[in-house]
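# Coordinates in review
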Amino acid sequence: MSKAQISKAQIPKSQTSKSLLAQIPQVERLLTHPDAQALIAQHGRSSVTTAVRQHLATLRAELTAMPADGTQTNVTVPDATLLLNQIGLRLAEAARTRLHAVHNLTGTVLHTNLGRSLLPEAAVEAVLQAMRSPVNLEFDLDEGGRGDRDNLIRPWITELTGAEDCTVVNNNAAAVLLTLNSLALRKQVVVSRGELVEIGGAFRIPDIMQRAGARLVEVGTTNRTHLPDFADAITPATAMLMKVHWSNYAISGFTAVVPEPELATLAHQHDLPFVVDLGSGTLTDLSVFGLPKEPTVQATLAQGADLVLFSGDKLLGGPQCGLIAGRRDLVARIRKNPLKRCLRVGKLTLAALEAVLRLYRHPEQLAAQVTTLRLLTRTREDIRAQVERLLPVVTAAVISQFRVQAIDLWGQIGSGALPVDLLPSAGLRLSPVAAGRAAGSSLNRLQERLRALPMPVVGYVRDGALHLDLRCLVDEAALVQQLPLWLGTPKH
Ligand SMILES: *Cc1c(COP(=O)(O)O)cnc(C)c1O
């Protein structure tokens, strides 16, 4: 503190400031007010007491900090009703829900920041049931004894993929970590330099490898890796050969990758497992639906992979989880690892996963039943029809500030699946009526308001306009209902 500040602080408070401070009610007295009782009924006694204490302390601090010369004569202490009204707003703000349903109008179907896949109704039902009722999570209904939660999923995965066994963990990152730690602790794992990817959200193959206690042996180059590169790297310390799906990037031009069957044969000649981190991992040939081709789990296993690791909430369209499918002896070793216990999934995940896997037994209905696939396979014509319906009502809602156009757009699958392949889509383009700098702030204000809606709307800005891709607009009625608030001042 400087000398000047010390001496200023020592000047006695003016009469005004002192008398104002004296007008601040006691916490206990304020709590007996009927309005405080109403707040207590709503928020509970301890939250209200804390809020009252904090509010009065803030008020006291403000009055104390007022200039001591009495220049701010218009300052008053609010009466009890007004104080409790302010405290009520503070409590309501603290009690508001943080996780909201939002409209994903980004054009990216599997948007990691927006929670990736949407669960089919059958999965929602299964989760509700598992939440409300005890379930046979680890109870063998045939024998009456203790069961393993993997038993619930094994029959579905073995039938759908041809794998001998499988286990489920929290996400695919956990599947990679657990597999490396179980099969390659203090040993070497051979991976092509072209596959040392970062997936986003800090998942990087070299880092996971290190944390798993495995030693990464890089072979080949960024763009070209050949079979002898792998063969030369195999030593007595090698634990496995591994292939990692590129996921979110592509290598094109002068490239070479070793086909899976050749890697599998090489691995097996040396009695090593060949493990594939498939990333998205679909169970169905997407090209049937007019989507770009992705290797399926069953095809990868058929090409000789001993274990295939994949996500539950990417192209599969299920809950967040990671699946490890393949050879029985390897899955058994993984299941025995104490880390498995740390990474296991709960009953809600298993309920949702089983319900989604059941849908895969009926491939003809997949595109209609699995929500993620339904959204991915929507045609541009279908989306355009929705755009035509919404164009007039959205225009009417924002006409004073924005010009609205129907526009063809290109969306993405997302979550690292097929990054170069775009989905033909359609949507609305909102460009500010204002020009120059005012246009930018008008656009920012609109986005802020859309984010503050009871059901926030998330689009993207490009070329000075807000774009709303309608591919993933699931609840059109909810969007329309909130249109009057788009230029208003909504609050969650
Ligand atoms: C997405 C992905 C992961 C991580 O999966 P999560 O389910 O997000 O944990 C790992 N490897 C690859 C190749 C991926 O594409």
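Note that the structure is predicted; figures quoted are calculated from it, not measured.

Criteria and cut-off values
- Every residue gets a number counted from 1 within its own chain, in the order that chain's sequence is written.
- In view of the model being predicted, local features appear only for residues whose pLDDT reaches at least 70, and side-chain atom pairs are presented and counted only at 80 or more, with totals across whole chains, interfaces and linings using the full set of residues.
- Hydrogen atoms and water are omitted, and side-chain values are computed over all heavy atoms in the structure.
- A single heavy atom is enough: if one lies within 4 Å of a molecule or strand, its residue is considered near that molecule or strand.
- In protein, a polar contact means a hydrogen-donor-capable atom and an acceptor-capable atom, both N or O and within 3.5 Å, with residues adjacent in sequence counting only if both atoms are side-chain atoms; elsewhere, any N or O pair within 3.5 Å suffices.
- Only DSSP runs of H or I covering at least 4 residues are called helices, and only runs of E covering at least 2 are called strands; the numbering of each starts at the N terminus.
- Note that the domain bounds were set by an automatic or database domain assignment.
- Orientation is described by axes fitted as lines to C-alpha atoms, over the contacting stretch for helices, and by angles from 0 to 180 degrees between their N-to-C directions.
- Angular relationships are summarised with four words: roughly parallel below 35 degrees, roughly antiparallel beyond 145, roughly perpendicular across 65 to 115, and oblique for the angles in between.
- Crossing handedness: left-handed means the near helix sits turned counterclockwise from the far one by under a right angle, and right-handed means the same turn made clockwise.
- The contact criterion used is simple: two residues touch if any of their non-hydrogen atoms lie within 4.5 Å.
- Each residue is assigned to one class: nonpolar for Ala, Val, Leu, Ile, Met, Phe, Trp, Tyr, Cys and Pro, charged for Asp, Glu, Lys and Arg, and polar for all the others, Gly among them.
- Only protein chains enter the accessibility calculation, which uses a 1.4 Å probe; a residue is then buried when its area is under 20% of its type maximum, exposed when over 50%, and partly exposed in between.
- The term salt bridge refers to a pairing of a side-chain nitrogen on Lys or Arg with a carboxyl oxygen on Asp or Glu at a separation within 4 Å.
- For this analysis, a ring pair means two rings from Phe, Tyr or Trp (six-membered ring only for Trp) whose centres lie within 6.5 Å, classed as stacked if their planes differ by under 30 degrees, edge-to-face if by over 60, and tilted for the remaining angles.
- Only when the NZ of Lys or the CZ of Arg is both within 6 Å of the ring centre and within 35 degrees of the ring normal is a charge said to sit over the ring.
- Between any two strands, at least two bridges found by DSSP are needed for them to pair.
- Working definition: a disulfide is two cysteine sulfur atoms within 2.5 Å of each other.
- For each structure, a 1 Å grid was placed over the protein atoms alone; sets of points admitting a 1.4 Å probe that cannot get out are labelled cavities, open sets with protein on both sides within 12 Å along at least five of seven lines are labelled pockets, and lining residues have an atom within 4 Å of a point.
- Grid points are joined across faces, edges and corners, and a volume is the space filled by probe spheres set on the points.
- Note: the arc covers the axis-to-C-beta directions of the helix.
- Grouping buried Ala, Val, Leu, Ile, Met, Phe, Trp, Tyr and Cys residues that are joined through side-chain atoms within 4.5 Å yields what is termed a nonpolar core.

On to the site of the ligand, then. Taken together, the residues surrounding the ligand are R116, N171, N172, A173, I199, F203, H245, S247, D277, G279, S311 and K314. The side chain of S247 places a nitrogen or oxygen atom 2.4 Å from an oxygen atom of the ligand. Note that an oxygen atom of the ligand is positioned 2.8 Å from one of the side-chain N or O atoms of K314. At the level of elements, helix 9 (172–183) and strand 8 (274–279) are the ones that each hand at least two residues to the shell around the ligand.

Another aspect to go through is the domain arrangement of the protein. Under the domain assignment used here, the protein contains domain 1 (7–95), domain 2 (103–111 + 375–485) and domain 3 (121–363). For domain 1 and domain 3, the distance between their C-alpha centroids amounts to 58 Å.

Okay, the packing of helix 8 (residues 154–161) against helix 16 (residues 347–359) next. Where helix 8 meets helix 16, the axes come as close as 10 Å, and the angle between the chain directions of the two elements is 30°. The orientation of helix 8 with respect to helix 16, classified from their angle, is roughly parallel. Relative to helix 16, helix 8 is oriented so that their crossing is left-handed. Residues W156, I157 and L160 of helix 8 lie in contact with helix 16, whose contacting residues are E354, L357 and R358. Residue composition of the contact of helix 8 with helix 16, grouped by class: four nonpolar, no polar and two charged.

Turning to the side chain of H55, a few remarks are in order. Along the polypeptide, H55 turns up in helix 5 (residues 45–65). Looking at H55, the relative accessible area reads 14%, which means it is buried. Side-chain polar atoms of H55 contact the side chain of Q86, separated by 2.9 Å. With residues up to four places along the chain from it excluded, the contact list for H55 reads L83, Q86, I87 and R90.

Bringing the pattern of salt bridges into the picture now. Applying the stated criterion across every chain, the model contains 22 salt bridges. Residue K340 is joined to D150 by a salt bridge in which the shortest nitrogen-to-oxygen separation is 3.5 Å. Here K340 is found in helix 15 (residues 338–343), whereas its partner D150 is found in the loop between helix 7 (121–132) and helix 8, with 190 residues between them in sequence. According to the relative accessible area criterion, D150 is buried, its value standing at 2%. The network of salt bridges with common partners includes D150, R154, D165, R335 and K340.

Moving on: the packing of aromatic side chains. Enumeration according to the criterion identifies zero aromatic pairs in this entry. Taking NZ or CZ as reference, R224 lies 3.8 Å from the ring centre of F254, over its face.

Read across the open sheet, the seven strands follow the order 2-10-9-8-7-3-6; overall the sheet is mixed. The open sheet has two free edges, formed respectively by strand 2 (165–169) and strand 6 (215–219), since each of these has just one partner strand. Looking at each pair of strands side by side, their axes are set apart by 25° on average, direction ignored. Sheet analysis places strand 3 (residues 188–192) next to strand 7 (residues 238–244), joined by three bridges and oriented parallel. Pairing of V189 across the sheet is with M240, part of strand 7. Where helix 8 meets the sheet, its contacts fall on strand 2, strand 9 (307–311) and strand 10 (322–326), and the angle it forms with strand 2 comes to roughly 125°.

Scanning all chains against the criterion turns up zero disulfides. Here C166 stays unpaired: no disulfide links it, and the sulfur of C321, its closest cysteine neighbor, is 9.6 Å away. Judged by relative accessible area, C166 falls into the buried class, the value being 0%.

With phi around 60°, R186 is a residue other than glycine that occupies positive phi space. Turning to its location among the elements, R186 is positioned in the loop between helix 9 and strand 3. The exposure class assigned to R186 is exposed, which follows from its relative accessible area of 71%. For D271, which is not a glycine, the phi torsion comes out positive at approximately 60°. Inspection of the secondary structure puts D271 in the loop between helix 12 (260–269) and strand 8.

Now for empty space enclosed by the protein. Any space left empty among the atoms is revealed by the rolling of a water-sized probe across them. All told, the structure shown has one cavity of 30 Å³ or more when counted by the stated rule. Roughly 80 Å³ of volume is contained in the largest cavity. Looking at the largest cavity, it is lined by 16 residues, and the ones nearest its centre are S192, E195, T225, A256 and V257. Across the lining of the largest cavity, the residue classes tally to seven nonpolar, six polar and three charged.

A few words now on the side chain of T300. Note on placement: T300 falls in helix 13 (residues 297–302). With residues near it in sequence (within four places) discarded, T300 still touches V276, L278, P295, A305 and V308.

Time to look at helix 14 (residues 328–336). Residues of helix 14 that are buried include every one of L330, V331 and I334, and no others. For helix 14, the angular spread of the buried residues around the axis is 95°, confining them to a single face. Helix 14 presents R328 and K336 as exposed residues on the side facing more than 90 degrees away from its buried surface. The inward-facing, buried residues of helix 14 abut strand 2, helix 9, strand 9, strand 10 and helix 15.

With that out of the way, let us pick up the nonpolar core. With 61 residues, the main nonpolar core has I153, I157, L241, F310, L323, L357 and Y360 as its most contacted residues. Among the elements that make up this core, the one with the highest residue count is helix 16 (eight residues). Looking at which domains feed residues into this core, each of domain 2 (103–111 + 375–485) and domain 3 (121–363) gives three or more. When neighbours within four sequence positions are excluded, I157 is seen to be in contact with G162, A163, C166, F310, L323, A325 and L357. Of all hydrophobic cores here, the second largest spans 29 residues; its members include A174, A175, V191 and A239.

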